[in-house]
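Below, each chain spelled out in residue letters.
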Amino acid sequence: MTDGRGRHGWRARRGTDRRRRGTAFGILALALLCVLGIGIATQVRETSTSDNLESSRPEDLLVLLDSLTRREASIRDEISTLQSTLATLNQSGSGSEAAMAQAQERLSALSIQVGTVPAQGPGITLVIEDPNSGVGSAVLLDAMQELRAAGAEALQIDGGGNSVRIGVDSWFAGSAGRVVVDGRELQAPYTFTAIGDPPTLASALDIPGGVLDTVTRNGATSSIAQSDLVTVSALRDPRPRQYAQPGN
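Now for a look at the structure at hand. (Residues numbered from 1 in each chain as written. Predicted model: local features only at pLDDT ≥ 70, side-chain atom pairs only at ≥ 80, totals over all residues. Heavy atoms only, no water.)

### Focus on the pattern of salt bridges
What the rule picks out here adds up to two salt bridges. Each of Asp-169, Asp-182 and Arg-236 takes part in salt bridges that share partners, so that together they form one network. (Salt bridge = Lys/Arg side-chain N within 4 Å of Asp/Glu carboxyl O.)

In structure tokens, the structure reads:
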């Protein structure tokens, strides 16, 4: 037989066990919700645009600008070193043809990257017609960033008689109809010329909700032409640096 105290004790223990199980399930559920929340937040960060400079803090933009300036300074220093090396090899005649060819190839690649020499190769031409002045600097910036992300090795934009070679520190500003790129005012129609794999570059612009859709939503039209040979002829002006030095 079980007396009353025994039954009460058993019920008390059973109630305690239920509370413990409930607490354990509650903790487990909370942990799962935390993990789910972190996963959702991470996904939102990954799927949202990381290139929206308008939402960046001024100090973040300064860090980004400093990083780009240092990168360009480093590339320009390497170009100078390679030019000196080639001059020495040519004068002394002691350099092997292979070494000279390798140095010249590296010099050409870096010069294209910083925009100090013309370039040609396969690529695309993107033309944006904007009769209603609905396309602003943000749309053109998105186009430039999509082309870069898709592997464009050389890039320029033309508009209103001005041509701008896009470099590592290029910037876009101004409202629709008064777009300024690297200090030069451009007018529609805007033409991007990009060297890279033509199908890849074209696909990057034509993704759902991408650049071409944005152009259309702003009342403009666009067209893409793929080619085995396009020419990027605009050059960037050499700019002496005042503060930045190449880092290690």
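Don't stop here, the text continues.
### With respect to the nonpolar core
Across soluble globular proteins, nonpolar side chains have a tendency to be buried as a group. Residues Ile-128, Leu-140, Leu-147, Ile-157, Phe-172, Val-181 and Phe-192 are the most contacted members of the largest nonpolar core, which totals 30 residues. Mapped onto this core, the elements with two or more residues apiece are strand 1 (119-129), helix 4 (137-149), strand 2 (154-159), strand 5 (179-181), strand 7 (190-195), helix 5 (198-205) and helix 6 (211-217). Once residues lying within four places of it in the same chain are set aside, the contact partners of Val-181 are Ile-157, Val-164, Ile-166, Trp-171, Phe-172 and Leu-186. Grouped together as the second largest cluster of nonpolar side chains are five residues, Ala-119, Ala-154, Ile-195 and Val-230 included. (Core = buried A, V, L, I, M, F, W, Y, C linked by side-chain atoms within 4.5 Å. Buried < 20%, exposed > 50% of the residue type's maximum accessible area, 1.4 Å probe, protein only. Helix = DSSP H or I, 4+ residues; strand = E, 2+ residues; numbered from the N terminus. Contact = heavy atoms within 4.5 Å.)

### Side note on the pairing of strand 7
Counting buried positions along strand 7 yields six of six residues, so the element is predominantly enclosed. Neither face of strand 7 is exposed, since Tyr-190, Phe-192 and Ala-194 on one face and Thr-191, Thr-193 and Ile-195 on the opposite face are all buried. Looking at chain direction, strand 1 and strand 7 are connected through six bridges and run antiparallel. Residue pairing for strand 7: Thr-125 is matched across the bridge by Thr-193. Across five bridges, strand 2 lies against strand 7 in antiparallel orientation. Paired with Gln-156 across the strands is Thr-193, a residue of strand 7. (Pairing = 2+ DSSP bridges.)

### Examining the sheet that holds strand 8 (residues 221-232)
Pairing is antiparallel in the open sheet, where five strands are placed in the order 3-2-7-1-8. Edge positions in the open sheet fall to strand 3 (162-165) and strand 8, since each of these has one partner strand only. Geometrically, the sheet is characterised by an average inter-axis angle of 20° between neighbouring strands, direction not taken into account. Against the sheet, helix 4 engages strand 1, strand 2 and strand 7, with an angle of about 10° to strand 7. Each of strand 1, strand 7 and strand 8 touches helix 5; the most contacted strand, strand 1, lies at about 25° to it. (Axes fitted to C-alpha atoms, helices over the stretch in contact; angles between N-to-C directions.)

### A few points about helix 5
All of the buried residues along helix 5 are Pro-198, Leu-201, Ala-202, Ala-204 and Leu-205. Looking straight down helix 5, one finds that the buried residues subtend no more than 160° of arc, so they occupy a single side. Looking at the buried positions of helix 5, the neighbouring elements they touch are strand 1, helix 4, strand 7, helix 6 and strand 8. (Arc of directions from axis to C-beta.)

### Considerations on helix 4
Here helix 4 is 13 residues long and its end C-alpha atoms lie 18 Å apart, about the 18 Å a rise of 1.5 Å per residue gives. Among the residues of helix 4, Ser-137, Val-139, Leu-140, Leu-141, Ala-143, Met-144, Gln-145 and Leu-147 are the ones counted as buried. Positive backbone phi, approximately 105°, marks Gly-151, located one or two places after helix 4. (Expected span 1.5 Å × (residues − 1).)

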